[in-house]
Every structure is written in structure tokens, then in C-alpha cells.
Amino acid sequence: MNAPTASLAGLDLRAEIDRLRKERNAVILAHYYQKPEIQDIADFVGDSLELSRKAAETDADVIAFCGVRFMAETAKILSPQKTVILPDMDAGCSLEDSCPPDKFKAFRAAHPDHIALTYINCSAEVKALSDIIVTSSSAEKILSQIPPEQKIIFGPDKHLGGYLSRKFGREMLLWPGVCIVHEAFSETELLKLKAQHPDAPVAAHPECPPHVLDHADMVGSTSAILEFAKTTPHDTVIVATEPHIIHQMEKAVPEKTFIGAPGADGNCNCNICPYMALNTMEKLYIALRDLEPKIELDEEMRLAAKKSLDRMLEMASATVGKGDLGARD
Ligand code: 13P
Ligand code: SF4
């Protein structure tokens, strides 16, 4: 059981986390949706694909994963000999919740001629029931390598699946899950914001619903959105993804202005991921101190899940023929 946070009063958490990181030979990995203080203390901040690659490559003994549970599970699947800790084990994901393994298994059984191309935002059990995992930054490249006649189930994010379907002109059977964070952006409020900033492009994550993507000037993963923010000649950008990523944008290009796309109340705060927000500096310190909470997985299930993740890592790094990507807008 972790010590209560109140007993940590007076501790220099940054210094203590640093000390424990060295003592434990730990690496701290953080997603762009983490609080700024966590991003700033991490050894590496990235999107889901980059974090999976880091977790597979690291020679640290401990991976302190500042993200959500499916990300920490992915690290454990790829690096089973390492201790993987997650500051708050309740850091889940609405997409994972939408896709219980027994229902997914039954859905697959009902469509035996389809392969399961599955978004990484799912449980380890669902990964074990899938053929190939994708992230938002690898999905297009991976889909382009699957023969056109192959039938596909895509889950659990119907918006990412729908976006890929439209972009590739390719029908897929979509699992009906959504990200509650991206689902909360308001088209009406976005149009009002665009009217106030007519020159500002909108950069959106493909987890957004189509009525938001319809107004986007670019659609991509968190790392692609960050790259766009850095390189666009525009000095103001409207960001339609979880607003904590703006921290990296402001660090990289402080002279530009980044505005979080609003929710229905005209405010972007309702788009903070409640699961990601469960991680705090206090909980990170306790996790490094106690090496708890840690991820443990059934070995047979882990090996099955590793197959679909390895497939992703291979296909995401493959050299794809010219013409396989792009030109599908
Ligand atoms: P990426 O960082 O891979 O774009 O994923 C976004 C996300 O919603 C993670 O939960
Ligand atoms: Fe899940 Fe959405 Fe939070 Fe990402 S932002 S962890 S997809 S609920």
C-alpha cells in the first residue's frame, strides 16, 4: 500500500525523483498529455509509438511510465524482464473500457475472414486477440501494407477507424469506441474560435469526430501535431487534442500562440484527459520509492500480445514503396 501523499509535505519532489531514478537505474517515460512538471522531469516525452520503441530499447532496470495503463502494459509486453511502474493504476482509457476482451473475442469469431487491426489504446488481452496493433502515427503506413482484398476489423476507436476508411477509400468493420476527450470538442465553438482567428490553422488528432476533422487543416498523431506547430509559418495554431501537449509547443516555439480547441462550454479545460491527470509528481515519487504499483501480466497472454505489437513495430519501420502513402486525401 502506498504511503499517503500528506506525509510528503516538505520533500523536494524533483530532487527525490532524480535521486531514486539514479538509485533504481530507472527511465521515466512520459506521454505528451501528462502535466508539465511530469513532462519536464521525464527522460523522454513522446507519442504512443515513440514510447513503445523507447520501452523496447531501454537498458534501464525500471520503466516509470507516466501515461495510462495500456501504455505501461505495452512497455511490460515488450520488456518483460523490466519492472514497469505506473504512478496510478486507475489511469485507464475510455477506448480500453469500450472494448471488453470477451465481447471483442465474440466479434472476431463472428467475422472469421477479417483480420483485427487494433489501436494500441486497448487492454493487453485485446492486443493478444488482435493481428496487428497500430498507433495514430503508424496506422496509415501499416494499412497501406495490407492487401486491398483483405477484410479488416478496426477497433476500438471508431473515429480513427472512420478517418482511415475515408482517407484510404477502404471499408472496415468498426468497433464503436470513442475517446471521451476528443469527443468533447464542440464544432460550434470551434467555428466561433476560427472566426476570431481566421489565419490560424487547426491541427487535430484523428480521435476527433468527423464534424471536428472536417474543419482541420492537418490531422495527425500528437508527435505530428507538435511537428506541425513547430514548422507551420502561421504564428497562431488551434490545437484539437489534449491541451497538455501545448506545453511542448510553447517550449519549442515560445514566440507562437497555441489555442486549445474548445468544448461545448467554450473552454478547453473539459478536454483534459481525466485518466492521464491521475498521475502526479507525488505518485511518481512513491512509485519509484516503493516500486509499486507495477504491471504484471500472464505470460501466455503477454506472448500473444507481443506478436501483434512486434508486427506493428516491424511494419511501422518497413520501407514502403513510393505511392503507397499519401495521395489519398
Ligand atoms: P498518440 O500520442 O499516439 O497520438 O496517441 C494519443 C492518445 O490519445 C494517447 O492516449
Ligand atoms: Fe484514452 Fe482519450 Fe485519455 Fe488518450 S486522451 S488516454 S484515448 S481517454
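This text follows the structure it describes.
How each quantity is defined
Residues numbered from 1 in each chain as written. Chains lettered and ligands numbered in written order. Predicted model: local features only at pLDDT ≥ 70, side-chain atom pairs only at ≥ 80, totals over all residues. Heavy atoms only, no water. Near = heavy atom within 4 Å. Polar contact = N/O pair within 3.5 Å; in protein donor to acceptor, adjacent residues only side chain to side chain. Areas by Shrake-Rupley, 256 points an atom, 1.4 Å probe, with all protein chains shown as cover. Nonpolar A, V, L, I, M, F, W, Y, C, P; charged D, E, K, R; others polar. Helix = DSSP H or I, 4+ residues; strand = E, 2+ residues; numbered from the N terminus. Expected span 1.5 Å × (residues − 1). Buried < 20%, exposed > 50% of the residue type's maximum accessible area, 1.4 Å probe, protein only. Phe/Tyr/Trp six-rings, centres within 6.5 Å; stacked < 30°, edge-to-face > 60°. Axes fitted to C-alpha atoms, helices over the stretch in contact; angles between N-to-C directions. Parallel < 35°, antiparallel > 145°, perpendicular 65-115°, else oblique. Left-handed = near helix turned anticlockwise from the far one by under 90°. Contact = heavy atoms within 4.5 Å. Salt bridge = Lys/Arg side-chain N within 4 Å of Asp/Glu carboxyl O.

**Q** It is not clear to me how the site of ligand 1 should be interpreted in this structure. Could you clarify?
**A** Not every one of the 13 residues close to ligand 1 is listed here, only the nearest: H31, S48, S136, H205 and T222. Side-chain polar atom of S48 to an oxygen atom of ligand 1: 2.9 Å apart, as the coordinates give it. A distance of 2.9 Å is found between an oxygen atom of ligand 1 and a side-chain nitrogen or oxygen belonging to E207. Look at ligand 1: alone it shows 300 Å² of surface, and the protein chains cover 96% of it. In terms of residue class, the shell around ligand 1 is made up of four nonpolar, seven polar and two charged.

**Q** Quick question: what am I supposed to make of helix α16 (residues 299–317) here?
**A** Since one α-helical turn is 3.6 residues long, residues separated by three or four positions face the same way. Taking 1.5 Å per residue as the helical rise, α16 with its 19 residues ought to reach 27 Å, and the 26 Å between its terminal C-alpha atoms agrees with that figure. Restricting attention to buried positions, one finds in α16 the residues M301, R302, A305, S308, L309, M312, L313, M315 and A316. The opening residue of α16, the one whose side-chain oxygen lies 3.2 Å from the backbone nitrogen of E300, is D298.

**Q** Would you mind going over the packing of aromatic side chains with me for this structure?
**A** Two descriptors summarise a pair of aromatic rings, namely the distance from one centre to the other and the angle between the planes of the rings. Evaluated as defined, the whole model comprises two aromatic pairs. Relative to W175, the ring of F104 has its centre 5.8 Å away and its plane inclined at 65°; by these criteria the two rings are edge-to-face. In this pair, F104 is assigned in helix α6 (residues 101–110) and W175 in the loop between β8 (173–174) and α10 (180–183), connecting sequence segments 71 residues apart. When sorted by exposure, F104 lands in the same class as W175, which is buried. Consider the rings of F107 and W175, whose centres lie 5.4 Å apart with planes at 80°: the pair is edge-to-face. Of this pair, F107 sits in helix α6 while W175 sits in the loop between β8 and α10; the two residues are 68 residues apart in sequence, bridging distant segments of the chain. Three or more aromatic residues link up through ring pairs in this structure, and these residues are F104, F107 and W175.

**Q** Would you mind going over the packing of helix α3 (residues 48–57) against α16 with me for this structure?
**A** Any two packed helices are characterised by how steeply their axes cross, that is the angle between the axes, and by the distance between the axes. Close contact between α3 and α16 brings their axes to 12 Å; oriented N to C, the two are set at 110°. One finds that α3 runs roughly perpendicular with respect to α16. Considering the relative orientation of α3 and α16, their crossing is left-handed. Across from L49, S52 and R53 in α3, the residues of α16 making contact are M312, L313, A316 and S317. Within the contact of α3 with α16, the residues separate by chemical class into four nonpolar, two polar and one charged.

**Q** Help me out: how do you make sense of unusual backbone geometry in this one?
**A** Cis geometry is found at the peptide bond from G155 to P156, where omega equals -10°. Residue position: P156 is located in the loop between β7 (151–155) and α9 (158–168). A cis amide bond links E292 with the next residue in sequence, P293, at an omega value of -10°. Considering the arrangement of structural elements, one finds P293 in the loop between α15 (281–290) and α16. Even without a glycine there, the phi angle at N25 is positive, about 50°. Looking at where N25 falls in the secondary structure, it is placed in the loop between α1 (13–23) and β1 (26–31). Of the residues examined, N25 reaches a relative accessible area of 37% and is grouped as partly exposed. Of note, L291 is a non-glycine position whose phi angle comes to about 55°, a positive value. One can find L291 in the loop between α15 and α16.

**Q** Mind showing me how you'd approach the pattern of salt bridges here?
**A** If charged atoms from side chains of opposite charge come close, those side chains can pair. A complete count under the given rule lists 16 salt bridges for this structure. In this structure, D43 engages R21 in a salt bridge whose closest nitrogen and oxygen atoms are separated by 3.2 Å. Linking D43 in the loop between α2 (36–41) and β2 (44–46) with R21 in helix α1, this pair joins segments that are 22 residues apart in sequence. Taking the relative accessible area as the measure of exposure, R21 reaches 12% and is therefore buried. With its nearest N and O atoms 3.0 Å apart, the salt bridge here joins E189 to K192. A residue pair is termed a helical-turn pair when its members lie 3 or 4 positions apart in one helix, as E189 and K192 do in helix α11 (residues 187–196) at three residues. Residue E189 is classed as buried on the basis of its relative accessible area, which comes to 16%. Owing to a relative accessible area of 46%, K192 belongs among the partly exposed residues under this scheme.

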